[in-house]
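Descriptive structure summary
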Amino acid sequence: MPENVQAWWSRRQWSKGAEVPYAVGSYRDDWQRYPVLARQFHPDLNAGIVLTQIPPAADVYLTWQCDSGHVFVATPDEQRTRPGRTRRRSSWCPDCSALAAPRRIRTADTPPRAASKPDARRVASARAPHSGRAPGEAFVSDRAPRPSSAAEGALRQKLARRLALDMTPNAVAVSRPFFDRAEVWPDIVIPELKVAIEYDTIGKFGLEHVGTREAVDRRKDRLLREVGWQVIRIRCGALQPLGPHDVAASGVNAALIERVLDELRVIRGALFVEAYLA
């Protein structure tokens with residue numbers, strides 16, 4: 001699995017027993033065949049490592065910048081296997097590729113689209129009480145309860161050390177009411193990835209997240225998925241997974257953080273998540 005450039009460099013330092021495992025210019029001849037990539041390689045966002053220190057086949061995420069100024073992350077192999085070896089704006093940068101997608105242009109001769117029936121789900125959601133925010137929007141709500149356990153705080157802190165993301169929001173607007181509010185309050189909200197993380201235990205008396213409370217959890221998860229979010233529930237003790245991305249755990253530790261990061265990669269793609277690793 002590809003690593004971020006700092007982790008990859010540290011691993012090579014350890015395996016080769018040298019502070020500089022690859023000298024500058026070691027792979028100059030290999031990269032000369034790809035002048036476009038040499039120009040795209042970002043000089044400031046690759047941990048101070050230059051392109052000629054990186055083998056073209058290295059399994060590492062690097063930061064690139066296209067001629068239009070878009071910054072993106074990709075492995076050398078992903079960049080080298082684009083069609084051809086010359087610059088094509090539609091294939092060498094994901095943002096340029098999206099902008100180059102053909103769009104339908106309406107002219108005076110274009111027949112009008114047939115009227116469609118209103119979506120019953122949209123009609124129902126329009127009648128639901130809203131928080132004044134678009135469904136799926138993350139925000140800070142003064143109605144959200146405070147963290148109920150020290151483990152939640154520890155989980156948040158450990159994730160914040162690994163991910164350069166804003167975890168300030170504590171609520172997500174939904175399209176249907178959750179009890180009497182059009183918002184839900186996950187334990188951890190990650191707006192950039194549209195992922196909510198819940199830390200579930202049975203509590204001191206063994207009554208939390210079981211029975212009717214488990215049904216509430218499932219309903220909450222459905223509301224989040226309806227507005228484009230995914231949910232990772234960390235299920236402790238005898239609690240069984242509720243969704244496809246849930247993780248069983250005995251407590252907050254380094255192994256749990258790695259498993260959560262792996263699930264984020266599954267949900268949003270490794271390339272996207274690696275770009276936020278601190």
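Look a little higher up for the structure.
Quick look at the structure, then. (Residues numbered from 1 in each chain as written. Predicted model: local features only at pLDDT ≥ 70, side-chain atom pairs only at ≥ 80, totals over all residues. Heavy atoms only, no water.)

A complete count under the given rule lists six aromatic pairs for this structure. When the centroid spacing of 6.0 Å and the interplanar angle of 20° are considered together, the rings of tryptophan 8 and tyrosine 22 count as stacked. Here the residue tryptophan 8 occupies a position in helix 1 (residues 5-16), and tyrosine 22 occupies one in the loop between helix 1 and helix 2 (28-31), the gap between them amounting to 14 residues. Exposure class is identical for tryptophan 8 and tyrosine 22. Each is buried. Centre to centre, the rings of phenylalanine 41 and tryptophan 64 are 5.9 Å apart; their planes meet at 85°, and the pair counts as edge-to-face. Placement of the pair is phenylalanine 41 in the loop between helix 3 (35-40) and strand 2 (60-65) and tryptophan 64 in strand 2, with a sequence separation of 23 residues. Note on tryptophan 64: relative accessible area 0%, which makes it buried. One aromatic cluster is present, formed by Trp8, Trp9, Tyr22 and Tyr27 through successive ring pairs. (Phe/Tyr/Trp six-rings, centres within 6.5 Å; stacked < 30°, edge-to-face > 60°. Helix = DSSP H or I, 4+ residues; strand = E, 2+ residues; numbered from the N terminus. Buried < 20%, exposed > 50% of the residue type's maximum accessible area, 1.4 Å probe, protein only.)

The first and last C-alpha atoms of helix 9 (residues 254-268) sit 21 Å apart over 15 residues, in line with the 21 Å expected at 1.5 Å per residue. Those residues of helix 9 that sit buried are Leu256, Ile257, Val260, Leu261, Glu263, Leu264, Arg265 and Ile267. Where helix 9 is buried, its residues contact helix 7 (150-162), strand 8 (195-200), strand 9 (230-236), strand 10 (247-249) and helix 10 (270-274). Where helix 9 begins, the side chain of asparagine 253 points an oxygen toward the backbone nitrogen of alanine 255, at a separation of 3.3 Å. (Expected span 1.5 Å × (residues − 1). Contact = heavy atoms within 4.5 Å. Polar contact = N/O pair within 3.5 Å; in protein donor to acceptor, adjacent residues only side chain to side chain.)

Attention now goes to the nonpolar core. Ranked by internal contacts, the top residues of the largest apolar core, which has 24 residues, are Leu155, Leu159, Ile197, Ile232, Ile234, Val260 and Leu264. If you list the elements that add at least two residues to this core, you get helix 7, strand 7 (188-190), strand 8, strand 9, strand 10 and helix 9. The element best represented in this core is helix 9, accounting for six residues. Core analysis: the next-biggest nonpolar cluster, separate from the first, contains 20 residues, Val5, Trp31, Leu51 and Leu62 among them. (Core = buried A, V, L, I, M, F, W, Y, C linked by side-chain atoms within 4.5 Å.)

In short, shape yes, function no, at least from these values alone.
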